[in-house]
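Coordinate analysis (summary)
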Amino acid sequence: MENKNSYKIKEKGIHGDVKIADDVIAIIAALAATEVSGVARMYGNITNELVSKLGMKKLSKGVRVKIEKDAIIVDLAIELEYGVSVPEISSKVQDRVKNAIENMTGLKVKEVNVRVAGVAVDDE
């Protein structure tokens, strides 16, 4: 059963191949991003119409994963807490997501692109 939305992370060994679905990589990326202080949440409640206009048809809960030439490219849409430094938090998110995916899967991450799609403001 071949699924073009999964990536082989281990060639056939004694017990067979090991593959990982792009949804799993997306979950790893989302969890890693939200662990960074200053990130309020993933931005993923985008309508299909808007997603189509942006060319992100596979956007799922603020994460899109694709593979190019044996490397993973991750696009994230996040909402930041009000008052944080966008460049500082974005850089921390990129590092955290890249390290989490590479450490957990063994796959090489080529890019982690961050789009700040919103700012969370307390209702006080």
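Going by the structure above, here's the rest.
Now for a look at the structure at hand.

What counts and how
Residues numbered from 1 in each chain as written. Predicted model: local features only at pLDDT ≥ 70, side-chain atom pairs only at ≥ 80, totals over all residues. Heavy atoms only, no water. Helix = DSSP H or I, 4+ residues; strand = E, 2+ residues; numbered from the N terminus. Buried < 20%, exposed > 50% of the residue type's maximum accessible area, 1.4 Å probe, protein only. Areas by Shrake-Rupley, 256 points an atom, 1.4 Å probe, with all protein chains shown as cover. Core = buried A, V, L, I, M, F, W, Y, C linked by side-chain atoms within 4.5 Å. Patch = residues over 30% accessible without salt bridge, like charges linked within 9 Å, V, L, I, M, F, W, Y side chains within 5 Å. Salt bridge = Lys/Arg side-chain N within 4 Å of Asp/Glu carboxyl O. Contact = heavy atoms within 4.5 Å. Expected span 1.5 Å × (residues − 1). Axes fitted to C-alpha atoms, helices over the stretch in contact; angles between N-to-C directions. Parallel < 35°, antiparallel > 145°, perpendicular 65-115°, else oblique. Left-handed = near helix turned anticlockwise from the far one by under 90°. Nonpolar A, V, L, I, M, F, W, Y, C, P; charged D, E, K, R; others polar.

Here we come to the overall build of the protein chain. Assigned secondary structure in the protein chain consists of three helices and six strands. The buried share of the protein chain, taken over its 124 residues, is 38%. Entry remark: accessible area of the protein chain is about 8200 Å², with carbon and sulfur atoms responsible for 49%.

Bringing the nonpolar core into the picture now. Val-63, Val-74, Leu-76, Val-93, Val-97 and Ile-101 are the most contacted members of the largest nonpolar core, which totals 26 residues. Going through the elements one at a time, helix H1 (22-34), strand S3 (39-42), strand S4 (63-68), strand S5 (71-81), helix H3 (86-105) and strand S6 (109-120) are the ones with two or more residues in this core. It is H1 that provides the largest number of residues to this core, a total of seven residues.

On the surface, Tyr-82, Val-119 and Val-121 cluster together into a nonpolar patch covering about 360 Å² of accessible area. Note on placement: Val-121 falls in the segment after S6. Exposure remark for Val-121: the relative accessible area of 58% places this residue in the exposed category.

Turning to the pattern of salt bridges, a few remarks are in order. Across all of its chains, the model carries five salt bridges by this definition. Between Arg-96 and Glu-35 there is a salt bridge, with the nearest N and O atoms lying 2.3 Å from each other. Of this pair, Arg-96 sits in helix H3 while Glu-35 is found in the loop between H1 and S3, placing the two residues 61 residues apart along the sequence. Residue Asp-75 is joined to Arg-64 by a salt bridge in which the shortest nitrogen-to-oxygen separation is 2.4 Å.

Here the focus is the environment of Lys-110. With respect to the helices, strands and loops of the structure, Lys-110 is situated in strand S6. Here the alpha-carbon distance between Lys-110 and Ala-71, two residues 39 residues apart in the chain, equals 5.5 Å. Beyond its immediate chain neighbours, meaning those up to four positions away, Lys-110 contacts Glu-68, Ala-71, Ile-72 and Ile-73.

An α-helix turns once per 3.6 residues; consequently, residues spaced three or four apart project the same way. Here H3 contains 20 residues, and its C-alpha end-to-end distance of 28 Å stays within 8% of the 28 Å for a straight helix at 1.5 Å per residue. Buried within H3 are the following residues: Ile-89, Ser-90, Val-93, Val-97, Ala-100, Ile-101, Glu-102 and Thr-105. Once H3 ends, the next one or two residues include Gly-106, with phi positive near 80°.

It is worth spelling out the packing of H1 against H3 at this point. Packing of H1 against H3 leaves a shortest axis separation of 8 Å and a crossing angle of 140°. Looking at the two axes, H1 sits oblique to H3. Read as a crossing pair, H1 and H3 show a hand that is right-handed. Residues Ile-25, Ile-28, Ala-29, Ala-32 and Ala-33 of H1 lie in contact with H3, whose contacting residues are Val-93, Arg-96, Val-97, Ala-100, Ile-101, Met-104 and Thr-105. For the contact of H1 with H3, a count of residues per class yields 10 nonpolar, one polar and one charged.

With that settled, the discussion passes to H1. With 13 residues, H1 should cover 18 Å at 1.5 Å per step; its first-to-last C-alpha distance of 18 Å lies within 8% of that length. Buried within H1 we find Asp-22, Ile-25, Ala-26, Ile-28, Ala-29, Ala-30, Ala-32 and Ala-33.

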